[in-house]
Amino acid sequence: HAAFRVGPRSLSLGGLTSLTPEVAVPLANGTDSLALSGLTALTPETAAVLARRSGSLDLSGMTALTPETAAALAGLEGALDLSGLATLAPESAAALSQFRARELSLDGLCALAPEVAAALAARQEQTDEREYADTLSLGGLTTLTPAAAGPGVRAFGREPVPKVVGMCAGSDRRVVGGGGEPRR
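Worth saying up front: this structure is predicted, and the values here are computed from it rather than measured.

Draft legend 1. The arrangement of the overall build of the protein chain in detail. Of regular secondary structure, the protein chain possesses six helices and nine strands. Of the roughly 9,200 Å² of accessible surface on the protein chain, 54% is carried by carbon and sulfur atoms.

Okay, here's the thing in structure tokens:
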């Protein structure tokens, strides 16, 4: 059974572990905020239905994202939380680069491959023309290589990369930003 919480403008079904496109239809037409944080995977068909909504969508329990599902979610007009993803394939990042909504959260990523950083930076550059601030949240990022930092520094807030960015869980590699070389 699914955990069920509802507010005046939000619906949380955090205990829901699967969702068919047919069941997603009424959810896509509802509240401003929909939390489906119990889902660990989503088919492209179900993602396409959910992307019809205009409010925020919390899919923070997802642990994998295929390029097809990412492409379907790119049509969402509201905020999208995918902070459960620990990794992101370049193909999925390229599909997410088409995401035009106001906020994309990828807080579960602790490192960015240069190809992923370039795809996400392309998204930021495209949304810089918007009238309101667009947000790409990479709050879990602890490792950043100089190759990945290049596009990131240009598009992610235009702030300099800190000297020691950190360590990714399970890694013995420290990364120095700002043109430095990786350290072990």
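This is not the end of the story, as more comes after the structure.
Draft legend 2. Representation of the pattern of salt bridges. In the structure shown here, the tally under the stated rule is one salt bridge. In this structure, D32 and R9 form a salt bridge, with 2.8 Å as the shortest nitrogen-oxygen distance. Residue D32 is found in the loop between α1 (21-28) and β3 (33-35), and its partner R9 is found in the loop between β1 (5-6) and β2 (10-12); the two are separated by 23 residues along the sequence. Judged by its relative accessible area of 36%, D32 is partly exposed.

Draft legend 3. Highlighting the side chain of S97. Considering the arrangement of structural elements, one finds S97 in the loop between α4 (90-96) and β6 (103-105). For S97, the side chain forms a polar contact with the side chain of Q98, separated by 3.4 Å.

Draft legend 4. Highlighting the environment of T43. Relative to the helices and strands, T43 is located in the loop between β3 and α2 (44-50). T43 gets classed as partly exposed once you look at its relative accessible area, which sits at 37%. Here the alpha-carbon distance between T43 and S18, two residues 25 residues apart in the chain, equals 9.8 Å. Of note is the side chain of T43, whose polar atom sits 3.0 Å from the side chain of T46.

How each quantity is defined
Residues numbered from 1 in each chain as written. Predicted model: local features only at pLDDT ≥ 70, side-chain atom pairs only at ≥ 80, totals over all residues. Heavy atoms only, no water. Helix = DSSP H or I, 4+ residues; strand = E, 2+ residues; numbered from the N terminus. Areas by Shrake-Rupley, 256 points an atom, 1.4 Å probe, with all protein chains shown as cover. Salt bridge = Lys/Arg side-chain N within 4 Å of Asp/Glu carboxyl O. Buried < 20%, exposed > 50% of the residue type's maximum accessible area, 1.4 Å probe, protein only. Polar contact = N/O pair within 3.5 Å; in protein donor to acceptor, adjacent residues only side chain to side chain.

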